Amino acid sequence: MTVDRRRLNWLAAVMAVVCSGLPGAGWSQTGAVPPLQPDNLAVTGRLIDAETGAPLASSDLNQATQNSITSARIFIQCKPPSQNFNAILGALDENGAFNLDTKIQNPDHVSLLILDIPGRVQLRLDASTLKPALHDGTIDFGDIRLKRLLTLELRLVDASTSQPIEIQDIVGIQCSMRSDRGGYISTQAFTTGQGRLLLETRSEDQPGELTVSCGGYESAEINEFPEPINGQINLGDLPLKPQNRIRFRLLTGEPPRPFVIASQGTMSVISGFRNEEGTFDFRETPLSRITQDGVYEAAPLEKETILIRIVAAGFKETRILQIPQAQDGVTDLGDIMMNPARRIIGRIMAADGAQYPAPRSLNEDAVKLYDEEDNPLPLTYRVQLQRSSLYINEVPEQAKTLELIAQGFLPQWIELPEPGAGEVINLPSIELKRGCIVRGKAESPRGEPARNAIVFIAGAENLQHAVSSDAQGNFELSGFKPGPARVVASVERAEGNSWIPADRDNLNITNQEFEIEPGVTTLNLMFQP
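Not measured: the values here are computed from a predicted model.

Undergrad: When you look at the overall build of the protein in this model, what are you seeing that I'm missing?
TA: Scanning the protein from terminus to terminus reveals two helices and 43 strands. With 529 residues in all, the protein has 40% of them scored as buried. Pairs at least 24 apart in sequence give 63% of the contacts found in the protein among residues at least 6 apart. Counting every atom, the protein has about 30,600 Å² of accessible surface; 47% of that belongs to carbon and sulfur.

Undergrad: Looking at this structure, I do not really get the nonpolar core. What am I missing?
TA: Burial of nonpolar side chains together is a common tendency in soluble globular proteins. Leu-47, Ile-76, Leu-89, Phe-98, Ile-117 and Ile-144 are the most contacted members of the largest nonpolar core, which totals 25 residues. Elements that contribute at least two residues to this core include exactly strand E1 (42–49), strand E4 (73–78), strand E5 (85–88), strand E6 (97–101), strand E7 (110–116) and strand E10 (138–146). The greatest single-element share of this core, amounting to four residues, is contributed by E10. Setting aside chain neighbours within four positions, we find Leu-89 in contact with Leu-47, Leu-61, Ala-72, Arg-73, Phe-98, Leu-100, Leu-115 and Ile-117. In this structure, Leu-402, Leu-416, Ile-425 and Leu-427 belong to the second largest nonpolar core, which totals 22 residues.

Undergrad: Help me understand the sheet that holds strand E11 (residues 151–158), please; the structure alone is not making it clear to me.
TA: As a general point, the strands of a sheet are linked pairwise by backbone hydrogen bonds and lie either parallel or antiparallel. Taken together, four strands build an open sheet; the order of strands is E14-E15-E11-E18 and the sheet is mixed. This sheet does not close on itself; its edge strands, each paired only once, are strand E14 (187–191) and strand E18 (232–240). Looking at each pair of strands side by side, their axes are set apart by 25° on average, direction ignored. Pairing geometry for E14 and strand E15 (residues 196–201), over five bridges, is antiparallel. Paired with Ala-189 across the strands is Leu-199, a residue of E15.

Undergrad: Would you mind showing me how to read the sheet that holds strand E32 (residues 412–415) here?
TA: Pairing within the open sheet is antiparallel, and its three strands lie in the order E28-E31-E32. The strands lining the two open edges of the sheet, one partner per strand, are strand E28 (367–370) and E32. The sheet shows a mean angle of 20° between the axes of neighbouring strands, taken without regard to direction. As paired elements, E28 and strand E31 (residues 401–404) share four bridges and run antiparallel to each other.

Undergrad: Teacher, can you tell me more about the pairing of E31 here?
TA: Residues in a regular strand project their side chains so that they alternate between the two faces of the sheet. Covered by surrounding structure in E31 are Thr-401 and Glu-403 together with Leu-402 and Leu-404, the residues of both alternating faces. Relative to E32, E31 is paired through four bridges, and the arrangement is antiparallel. When the sheet's bridge partners are listed, Leu-402 is paired in E32 with Ile-414.

Undergrad: Mind showing me how you'd approach the packing of aromatic side chains here?
TA: For any pair of aromatic rings, geometry is given as the distance between the ring centres together with the angle between the planes. The final tally for this structure, using the stated rule, is four aromatic pairs. Their ring planes at 70° and their centres at 5.0 Å tell us that Phe-259 and Phe-315 sit as a pair that is edge-to-face. Of this pair, Phe-259 sits in the loop between strand E20 (257–258) and strand E21 (267–274) while Phe-315 is found in the loop between strand E24 (305–312) and strand E25 (318–320), placing the two residues 56 residues apart along the sequence. Given the relative accessible area of 3%, Phe-259 is considered buried.

Undergrad: Would you mind showing me how to read a nonpolar patch on the surface here?
TA: Taken together, the side chains of Phe-280, Phe-282 and Ile-306 make up a nonpolar region of the molecular surface, amounting to roughly 270 Å² of accessible area. By secondary structure assignment, the location of Phe-282 is in strand E22 (residues 280–286). Exposure remark for Phe-282: the relative accessible area of 47% places this residue in the partly exposed category.

Undergrad: Explanation requested: the pairing of strand E16 (residues 207–214) in the structure shown.
TA: Two strands pair when backbone bridges link them, and strand E12 (residues 173–179) and E16 are joined in this way by seven bridges, in the antiparallel orientation. Looking across to E16, one finds that Gln-174 is bridged to Ser-213. In this structure, E16 lies alongside strand E17 (residues 220–222), joined through three bridges in antiparallel fashion. Pairing of Val-212 across the sheet is with Ala-220, part of E17. Counted between consecutive antiparallel strands, the loop separating E16 from E17 contains five residues, among which Gly-216 sits at a positive phi close to 95°.

Undergrad: Before we go on, may I ask you to explain the side chain of Thr-44 in this structure?
TA: Relative to the assigned elements, Thr-44 resides in strand E1. A polar side-chain atom of Thr-44 sits 3.1 Å from a polar atom in the side chain of Asp-140. Once residues within four sequence positions are removed from consideration, Thr-44 is found in contact with Phe-98, Asn-99, Thr-138, Ile-139, Asp-140, Phe-141 and Gly-142.

Undergrad: Sorry, what's going on with the pattern of salt bridges here?
TA: Working definition: two side chains of opposite charge can pair if their charged atoms are close together. Summed over the entire model, instances satisfying the criterion amount to ten salt bridges. A salt bridge links Arg-46 to Asp-143, with the nearest nitrogen and oxygen atoms 3.4 Å apart. One end of the pair, Arg-46, is in strand E1; the other, Asp-143, is in strand E10, with 97 residues separating them in the sequence. By relative accessible area, which is 25% here, Arg-46 ends up partly exposed. When the shortest N-O distance is used, the salt bridge between Arg-120 and Asp-49 registers 2.7 Å. One end of the pair, Arg-120, is in the loop between E7 and strand E8 (123–126); the other, Asp-49, is in strand E1, with 71 residues separating them in the sequence. As far as burial versus exposure is concerned, Arg-120 and Asp-49 are alike and both buried. Overlapping salt bridges bring together Asp-49, Arg-120 and Arg-148 as one network.

Undergrad: How should I be thinking about the environment of Thr-161 in this particular structure?
TA: Residue position: Thr-161 is located in the loop between E11 and E12. The partly exposed category is assigned to Thr-161, whose relative accessible area is 43%. For the pair formed by Thr-161 and Asp-328, sequence separation is 167 residues and the distance between their alpha carbons is 10.0 Å.

Undergrad: Explain a negative patch on the surface here, please?
TA: Together, Glu-372, Glu-373, Asp-374 and Glu-415 make up a region of like negative charge exposed at the surface. With respect to the secondary-structure elements, Asp-374 resides in the loop between E28 and strand E29 (382–386). Judged by relative accessible area, Asp-374 falls into the partly exposed class, the value being 49%.

Calculation rules
- Residues numbered from 1 in each chain as written.
- Predicted model: local features only at pLDDT ≥ 70, side-chain atom pairs only at ≥ 80, totals over all residues.
- Heavy atoms only, no water.
- Helix = DSSP H or I, 4+ residues; strand = E, 2+ residues; numbered from the N terminus.
- Buried < 20%, exposed > 50% of the residue type's maximum accessible area, 1.4 Å probe, protein only.
- Contact = heavy atoms within 4.5 Å.
- Areas by Shrake-Rupley, 256 points an atom, 1.4 Å probe, with all protein chains shown as cover.
- Core = buried A, V, L, I, M, F, W, Y, C linked by side-chain atoms within 4.5 Å.
- Pairing = 2+ DSSP bridges.
- Axes fitted to C-alpha atoms, helices over the stretch in contact; angles between N-to-C directions.
- Phe/Tyr/Trp six-rings, centres within 6.5 Å; stacked < 30°, edge-to-face > 60°.
- Patch = residues over 30% accessible without salt bridge, like charges linked within 9 Å, V, L, I, M, F, W, Y side chains within 5 Å.
- Salt bridge = Lys/Arg side-chain N within 4 Å of Asp/Glu carboxyl O.
- Polar contact = N/O pair within 3.5 Å; in protein donor to acceptor, adjacent residues only side chain to side chain.
- Lys, Arg positive; Asp, Glu negative; His and termini not counted.
- Charge placed at Lys NZ, Arg CZ, Asp CG, Glu CD.

And the structure:
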């Protein structure tokens, strides 16, 4: 029987490739095969408290916070990175030792060890420092000493009432800490109820200054700190002086009853005040919660507030021009009656029945109201678009026609019906028709894409849209009617291998007429660099 030498050589090559993928694979000069390393290496070590020398216990590997439990994690970075090891460290024995199975195939590939233990400073050690030993398929990191994170505990107290400040009574909380050596210390804040605040630093530095800011209260600073005990500093009570807040009660109906925030549309408080430069500014604060009695109290109020507006979907805007003096940090506006407003509620649909073809947002400029003689009405109404639902609040009594303009669609004129119950004009289906599409590519004479070219098209009936070309020079505009149109396009001027802004003498503007066809019109633009 003869052996095909080509097949023999092919089989030898296959075996060489297969064996080359195994750890330790390869032939020695003597022809002997060295023993293979284990496929999976175990990782062991011993976690020790750096200050006391005592071993850590399994209970030290988890820390409960207000919203979750933080678990200890171990990460070993390898080269190649496909062997990186990342896992939760779950248990230690009585000596603080751990033993984990990994996918690491060679201890020489280990380059970095990262340990995240709750309450401890994150440990990052490179392999040259660790020099792990390999014994019977185990990487032993030996004793690993972990320093305690510095934690600070304090209780936030209202300076005027001496009562603890609950987290739901404030508008956000911020803590900033500097070390005694200068520079900021990274901190993470947790609330534990009854106004208690726990600050966990990501540093072993001693604090030199702590600033606590809460919405509705003036900031407070702490500059003196007692010595930490077991990595903890108890700062006791921190009084916070309330800022000037606003309070009022909203009523509606006949007889009056407490106002309930509607789930649809917007509701907010808009305060007008004079700033430090003496000019007039507005600040809008969303109304997110009111008590069952219709009482609202929150948000700091500027001292120079001279106007307050309360707006809510389905109700007329209420304005307060005379602001009473604050008492104990609270400006009380008393009872405020919310009267129903004439409003439009609609649903935007595609002409073919598909729901919501329009943009995700719609500003006031996209909605126009006209009287019975087609005269535009002044823009005193508020417009909001939520998904496919359209809300227009405080519609004037003389409004008879609605014009809706959404980019990519043809303008839609709608005759408004008479209001139904509660002054609501219901438009259950506003069908928008997608207009003609103009798409193309902007490029140089050499065929290079002209990215960020500004393409402006004025179509029939004064429909105008503009867009920028993408990285490949492609652009697309829609919402036009068929007919004559003009395109005006400009692009950055080419110089060498880069595009630079065109100067006044070389604007590089293309201005040409073309015809918009039904459906899709292709319009390719070529710029001269």
